[in-house]
Amino acid sequence: MAASRTALITGASSGFGAAFARRLATEGYDLVLVARDEQRLASLAGELSSRHDVTVTPLPADLSTDDGCAVVEKRLAEGVEMLVNNAGLSLNKSFVKSTVEAETRLLRVNVHAVMRLALAALPSMIERGRGDVINVSSVAGFAAVMPGSTYSASKAWVTNFSESVAHSVRRHGVRVMALCPGYTHTEFHERAGIDMSKTPEWMWLQVDRVVADGLRDLRRGKVVSVPDWKYKVTVFGMRHLPRGLLQTVARDTRGRTGRDEQ
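The rules behind each value
- Residues numbered from 1 in each chain as written.
- Predicted model: local features only at pLDDT ≥ 70, side-chain atom pairs only at ≥ 80, totals over all residues.
- Heavy atoms only, no water.
- Helix = DSSP H or I, 4+ residues; strand = E, 2+ residues; numbered from the N terminus.
- Buried < 20%, exposed > 50% of the residue type's maximum accessible area, 1.4 Å probe, protein only.
- Contact = heavy atoms within 4.5 Å.
- Areas by Shrake-Rupley, 256 points an atom, 1.4 Å probe, with all protein chains shown as cover.
- Phe/Tyr/Trp six-rings, centres within 6.5 Å; stacked < 30°, edge-to-face > 60°.
- Lys NZ or Arg CZ within 6 Å of the ring centre and 35° of its normal.
- Polar contact = N/O pair within 3.5 Å; in protein donor to acceptor, adjacent residues only side chain to side chain.
- Salt bridge = Lys/Arg side-chain N within 4 Å of Asp/Glu carboxyl O.
- Expected span 1.5 Å × (residues − 1).
- Bend = angle between axes of the 7 residues up to and from the residue.
- Pairing = 2+ DSSP bridges.
- Right-handed = clockwise from strand over helix to strand, strands pointing away.
- pLDDT = per-residue confidence, 0-100.

Asker: Requested: an account of the overall build of the protein, with residues and values cited.
Answerer: Along the backbone of the protein there are nine helices and seven strands. For the protein, the residues scored as buried account for 52% of the 262 residues in total. Expressed as a percentage of contacts within the protein between residues at least 6 apart in sequence, the contacts between residues at least 24 apart total 72%. When the accessible area of the protein is evaluated, it comes to approximately 12,700 Å², of which 53% is carbon and sulfur surface.

Asker: Describe the packing of aromatic side chains, naming the residues involved and giving the relevant values.
Answerer: Enumeration over the complete set of coordinates arrives at one aromatic pair. When the ring of tryptophan 157 is compared with that of phenylalanine 161, the centres are 4.6 Å apart and the planes differ by 10°; the resulting orientation is stacked. With tryptophan 157 and phenylalanine 161 both in helix α5 (residues 151-169) and four residues apart, this pair spans about one turn of that helix. Phenylalanine 161 sits in the buried class, given a relative accessible area of 16%. For the cation-ring pair, arginine 5 lies above tyrosine 29, with the distance from its terminal atom to the ring centre recorded as 3.9 Å.

Asker: Report on the environment of arginine 219, specifying residues and quantitative values.
Answerer: With respect to the secondary-structure elements, arginine 219 resides in helix α7 (residues 207-219). Along the backbone, arginine 219 and methionine 177 are 42 residues apart, and their C-alpha atoms lie at a distance of 9.9 Å. Among the polar contacts listed, one links the side chain of arginine 219 to the side chain of glutamate 27, at a separation of 2.8 Å.

Asker: Report on the environment of alanine 212, specifying residues and quantitative values.
Answerer: Tracing the backbone shows alanine 212 in helix α7. By relative accessible area, alanine 212 is classed as buried at 9%. Sequence-wise, alanine 212 and alanine 19 are 193 residues apart; in three dimensions their C-alpha atoms are separated by 9.2 Å.

Asker: Let's hear about the pattern of salt bridges: which residues, and what values?
Answerer: Throughout the structure, instances matching the rule amount to 15 salt bridges. Across the salt bridge formed by arginine 175 and aspartate 132, the nearest N and O atoms sit 2.7 Å from each other. With arginine 175 in strand β6 (residues 174-179) and aspartate 132 in strand β5 (residues 131-136), this residue pair connects regions lying 43 residues apart in the sequence. One salt-bridge network, held together by shared partners, links Arg209, Asp213, Arg216, Asp217 and Lys222.

Asker: Hey, could you go over helix α4 (residues 100-128) for me, with residue numbers and the actual values?
Answerer: Its 29 residues place the ends of α4 41 Å apart at the C-alpha level, agreeing with the 42 Å of an ideal helix rising 1.5 Å per residue. The largest bend in α4 is about 40°, located at arginine 108. Positive phi appears at glycine 129, one or two residues downstream of α4, with a value of about 80°.

Asker: Describe the pairing of strand β3 (residues 56-60), listing the residues and the values that go with them.
Answerer: Each regular strand shows side chains that alternate between the opposite faces of the sheet. Across five bridges, strand β2 (residues 30-35) lies against β3 in parallel orientation. Note that in β3 the partner of valine 32 across the bridge is threonine 57. Each parallel crossover has a hand, and the one from β2 via helix α2 (residues 38-52) to β3 is right-handed.

Asker: Report on the confidence of the model for the protein, specifying residues and quantitative values.
Answerer: Confidence along the protein averages 85 in pLDDT terms, with 79% of residues attaining 70 or more. Note that residues 253-262 has pLDDT below 50 and, in this model, 23 contacts with residues that lie over four places away or in other chains.

In C-alpha cells:
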C-alpha cells in the first residue's frame, strides 16, 4: 500500500487547512492538498515542497459535489497515513431566510463529504494497522448557541460521528479525533460574510496553536480535542447549564427574522 507518510488535507488553501499543511510538512509528511482554489493550492504546494523537501500534490476539488468527492475518494483509496477533514462552511443568514440550495451545500460539505472521505480512507488504514483521521468540528457543535443557524447542528454531527467511529477502529491501531476549536483568526467568517468585529479579542485563538494542540491531543489518544482552557470551560458550561439559560445567553445575528435582516 502506498503513502506510508502522506497526509491528505481538505480545505487546504487557507485557515486550519493551510496551518495543518505547514505543520505536517515540518514533520516530514508528503501532502495532498484539496480545495477549490487551484491557484492558491499550487502556490502553497510550491512553498512547502521547496522549504521542507517534501512532495506536495495539489488536488483541486469541490466537495459540495459528488464528482469532487469522488476525485478525493479515489486518492484516499490508494492509502494515506493521515486524513484531515477540514473543509467546511457557514451561512450568514437564518434558516427561515435561507434556501434549500444553500442549506444542502452546507450539509454536503460539512457532513456528507466528511462521511464519504472518512469511509474512503479508513479501510486501508485498518488493513495496515495504523492511520489518523482528524475531523475539524467546532465548539459550536456542543449546543444550539447560534440561533437560526444549521452550522452548529452540522458540527454536532461531526463530533458525534468522530467519537463513534473512533471507538470502533481503535482496536485496529487507527485514531479518529474531532478537533473542536472556538473563534480562531482565519478567513472563515470573512468568507461567509459574518461580521465578527464585536467579538472581544480575548476570545480569539491563533490557528497555529490550535493545530499544534490538536495534533498533540491526537497523539495522546484523545477522541475530542477542545484547545485552550477558556473553551474547555465554555464546553463544560454548554454541556451542563440548563437549556433555558443557555438559550437566553446565546446570541447570533443569523437568528434574526426582523426587517433588518437581508
